[in-house]
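The residues making up each chain are set out below.
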Amino acid sequence: MPASRKIPVHGVPMREITLSGDNPPLRLYDTSGPYTDPDHVVDLKLGLPPRRREWIANKKDVKDGVIAYKIAAHAADIAKGHPRAREWDDALSKARFEFRWEDQFNLSLDPETAREFHDETLPAEGAKLAHFCSMCGPHVCSMKITQDVRECAEREAGLQQKAVEFKQAGGEIYLRE
């Protein structure tokens, strides 16, 4: 607005408009808020009374809101094709598949809650080295079964290779008919 300037009045953003003649300037609330002021530092904690800061920080809904924001931001990064977001997803998936629990916790959006959930059902420290989780257990874990199948296939491929080498060396395989 020409002939106006933004001024703070007790921390409230106002617009002071210069009027014609001998009229004093008119002050109006500036709906653009403090965010259009390049010198304004936005820190939400500064707006809280000191005795409420800790109380608000300890509220679960605040933490849940932050986690929801992180999930939405990460989903947006994935949708935009941000390469680092995909690298993060892949690293977390690999840590899950390899049962690297500490890496899973550290790569999660909320490491503290991830550890708490894990420890609710598998509290022993050794459980952080286990190759299964509490959801399926050690005998029906799909990731463990997949690893076992891969290892079996590798052994089978190794045996097939040894059979080829045996034949190439002139050995014979006796088969019962």
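Residues numbered from 1 in each chain as written. Predicted model: local features only at pLDDT ≥ 70, side-chain atom pairs only at ≥ 80, totals over all residues. Heavy atoms only, no water.

Some words on the packing of aromatic side chains
Then comes step 1: On inspection of all chains with the given rule, the structure shows 1 aromatic pair.
Then comes step 2: Look at Trp-101 and Phe-105: their rings are 6.2 Å apart centre to centre, the planes differ by 40°, and that puts the pair in the tilted class. In this pair, Trp-101 and Phe-105 are both assigned in helix α4 (residues 101-107), 4 residues apart and thus about one turn of the helix distant. (Phe/Tyr/Trp six-rings, centres within 6.5 Å; stacked < 30°, edge-to-face > 60°. Helix = DSSP H or I, 4+ residues; strand = E, 2+ residues; numbered from the N terminus.)

Description of the pattern of salt bridges
Then comes step 1: The final tally for this structure, using the stated rule, is 17 salt bridges.
Then comes step 2: Ionic pairing is found between Glu-16 and Arg-5, a salt bridge with its closest N-O pair at 3.0 Å. Of this pair, Glu-16 sits in strand β2 (residues 12-17) while Arg-5 sits in strand β1 (residues 4-9), and the two are 11 residues apart along the sequence.
Then comes step 3: Here Asp-103 ties to Arg-100 by a salt bridge, and the two come within 2.3 Å at their closest N and O atoms.
Then comes step 4: Residue classification places Asp-103 among the partly exposed residues on the basis of a relative accessible area of 30%.
Then comes step 5: Residue classification places Arg-100 among the partly exposed positions, given a relative accessible area of 30%. (Salt bridge = Lys/Arg side-chain N within 4 Å of Asp/Glu carboxyl O. Buried < 20%, exposed > 50% of the residue type's maximum accessible area, 1.4 Å probe, protein only.)

Describing the packing of helix α2 (residues 60-79) against helix α3 (residues 83-97)
Then comes step 1: Taken N-terminus to C-terminus, the directions of α2 and α3 make an angle of 115°; their axes are 7 Å apart at the nearest point. Considering their axes alone, α2 and α3 lie roughly perpendicular with respect to each other. Crossing hand, α2 versus α3: left-handed. Residues His-74, Asp-77 and Ile-78 of α2 form the contact with α3, whose participating residues are Ala-85, Arg-86, Trp-88 and Asp-89.
Then comes step 2: A class-by-class count of the residues in the contact of α2 with α3 yields 3 nonpolar, 1 polar and 3 charged. (Axes fitted to C-alpha atoms, helices over the stretch in contact; angles between N-to-C directions. Parallel < 35°, antiparallel > 145°, perpendicular 65-115°, else oblique. Left-handed = near helix turned anticlockwise from the far one by under 90°. Contact = heavy atoms within 4.5 Å. Nonpolar A, V, L, I, M, F, W, Y, C, P; charged D, E, K, R; others polar.)

Considerations on the layout of surface pockets
Then comes step 1: Each pocket or cavity is described by its volume, and for the largest pocket that value is around 520 Å³.
Then comes step 2: Elements with a minimum of two residues in the lining of the largest pocket: α3, α4, α5 (111-121) and α6 (142-168).
Then comes step 3: Ranked by the residues each element gives to the lining of the largest pocket, the list is headed by α5, at 5 residues.
Then comes step 4: For the lining of the largest pocket, the per-class residue count stands at 13 nonpolar, 7 polar and 2 charged.
Then comes step 5: Estimates place the volume of the second largest pocket at around 170 Å³.
Then comes step 6: As for the second largest pocket, its lining consists of Lys-60, Lys-63, Asp-64, Ile-67, Asp-110, Glu-112, Thr-113, Glu-116 and Phe-117.
Then comes step 7: Of all the secondary-structure elements, those providing two or more residues to the lining of the second largest pocket are α2 and α5.
Then comes step 8: Looking at the lining of the second largest pocket residue by residue, the classes come out as 2 nonpolar, 1 polar and 6 charged. (1 Å grid on protein atoms, 1.4 Å probe; cavity = no way out; pocket = protein on both sides within 12 Å on 5 of 7 lines; lining within 4 Å. Points joined across faces, edges and corners; volume = space filled by probe spheres on them.)

With respect to the nonpolar core
Then comes step 1: Phe-99, Trp-101, Phe-105, Cys-133 and Cys-141 form the largest nonpolar core, which has 5 residues in total.
Then comes step 2: Dropping the residues within four chain positions of it, Phe-105 is found in contact with Pro-111, Ala-114, Arg-115, His-118 and Lys-128. (Core = buried A, V, L, I, M, F, W, Y, C linked by side-chain atoms within 4.5 Å.)

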